[in-house]
Amino acid sequence: MQKYLLMLLLSSLVTGGLTAQRLVSDAKIVYRIERPAQQPGDLTFEGSTFTQYLKGHQSRVDIDFKLVHYSYLIDSRNETVVTLIDNNGDKYLIRAGKDEYEKDLKQYSGVQFIDSKETKEIAGYTCKRAVGKLADGQTIEVYYSPDLVPENKQFNRRFVNLKGIPLQFEVLNKNGTKMTMIATKVDLFPVPGSYFDTPKSGYKEISREELMKMGN
């Protein structure tokens, strides 16, 4: 009888550990955007948000800087990215094909994240701290939830080697500054497929080169 009870206890511990980890196909995660205190402030930056959507092989990122809004529609099955820019009413659409997709993926596929013992509670989830080292030697700090495992590992190519969904992470800007995304809300519900549709009108389609010439 004691042996049976012990086996039952061990079984419940194992299954309990397994059920705590959730394979996430659909999700909406809202992050607030922060700058380090030592960086110069920008009033137009206050209240900016970063929203991540997941649905199977598709993902979407919306970055709202108030005056400028960016959306990235990512299809990991077809290896394409569509960028939408709304610059105070001027709307542009940029397409990136398989070559550019694979180039970006290769840039981050070599990043290995090393866990530390430090944890933090974010948006109701206990997150582990990890540090990833980029090819150029720079590092990025991440807090991720091991209980939320993305079905699509390429939903954000920066974190293809991370063992969970990041609920706090750093973004390195080209000018050397950093932004920190901190999750404020995690919704695990079916995301409408229309969120990932490329607009058929309302945007002027341009190339990445044309965008650079415009100074954006």
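The numbers attached to residues start from 1 for each chain and follow its sequence in the written order. Two thresholds apply to this predicted model, a pLDDT of at least 70 for residue-level local features and 80 or more for giving and counting side-chain atom pairs, whereas whole-chain, interface and lining totals are computed over all residues. Hydrogens and water molecules were not included; the side-chain quantities draw on all heavy atoms of the structure.

Quick one: what's the story with the pairing of strand β10 (residues 139-145), residue by residue and with numbers?
Each residue is placed in one exposure class: buried if its accessible area under a 1.4 Å probe, protein chains only, is under 20% of its type's maximum, exposed if it is over 50%, and partly exposed if it falls in between. Runs of H or I in DSSP of at least four residues are treated as helices and runs of E of at least two as strands, each being numbered from the N terminus. Counted residue by residue, β10 has five buried out of seven residues, so it is predominantly covered. Of the strand pairs in this sheet, strand β9 (residues 125-133) and β10 are connected by six bridges, and their pairing is antiparallel. Looking across to β10, one finds that K133 is bridged to T139. Linking β9 to β10, which pair antiparallel, is a turn of five residues; within it G137 sits at a positive phi near 95°. By the bridge criterion, four bridges tie β10 to strand β12 (residues 165-172) in an arrangement that is antiparallel. From the neighbouring strand, Y144 faces β12, where its bridge partner is P166. The rule for pairing is simple: two strands pair if DSSP sees at least two bridges between them.

Hey, could you go over the packing of aromatic side chains for me, with residue numbers and the actual values?
Stacked, tilted and edge-to-face are the three classes assigned to paired rings of Phe, Tyr and Trp, where Trp is represented by its six-membered ring and a pair needs centres within 6.5 Å; plane angles under 30 degrees give stacked, over 60 edge-to-face, the rest tilted. Taken as a whole, this structure holds seven aromatic pairs when the rule is applied. Both rings, one in Y31 and one in F169, keep their centres 5.4 Å apart while their planes meet at 75°; by these two values the pair is edge-to-face. Taken as a pair, Y31 in strand β2 (residues 26-34) and F169 in strand β12 lie far apart in primary sequence, 138 residues in all. Just as Y31 is buried, F169 falls in that class too. The structure contains a cluster of three or more aromatic residues connected by ring pairs, namely Y31, F50, F113, F159 and F169. We note K120 situated over the ring of Y143; from NZ or CZ to the ring centre the distance is 4.4 Å. When the ring centre of Y101 is taken as reference, the NZ or CZ atom of R157 above it lies at 4.7 Å. Definition used: whenever NZ (Lys) or CZ (Arg) falls within 6 Å of the ring centre and also within 35 degrees of the ring normal, the charge is taken to sit over that ring.

A description of the side chain of R60 should follow, citing residues and the corresponding values.
Tracing the backbone shows R60 in strand β4 (residues 58-64). Residue classification places R60 among the buried residues on the basis of a relative accessible area of 16%. Pairs of N or O atoms are called polar contacts if they sit within 3.5 Å, as long as, within protein, a hydrogen donor faces a hydrogen acceptor (for residues adjacent in sequence, only side-chain-to-side-chain pairs). There is a polar contact of 2.9 Å between the side chain of R60 and the side chain of D62. At 3.3 Å, the side chain of R60 forms a polar contact with the side chain of S71. Contacts were defined at the residue level, with two residues in contact if any of their heavy atoms lie within 4.5 Å. Sequence-distant contacts of R60, defined by excluding residues within four places in its chain, comprise T51, Q52, Y53, S71, Y72, L73, Y195 and F196.

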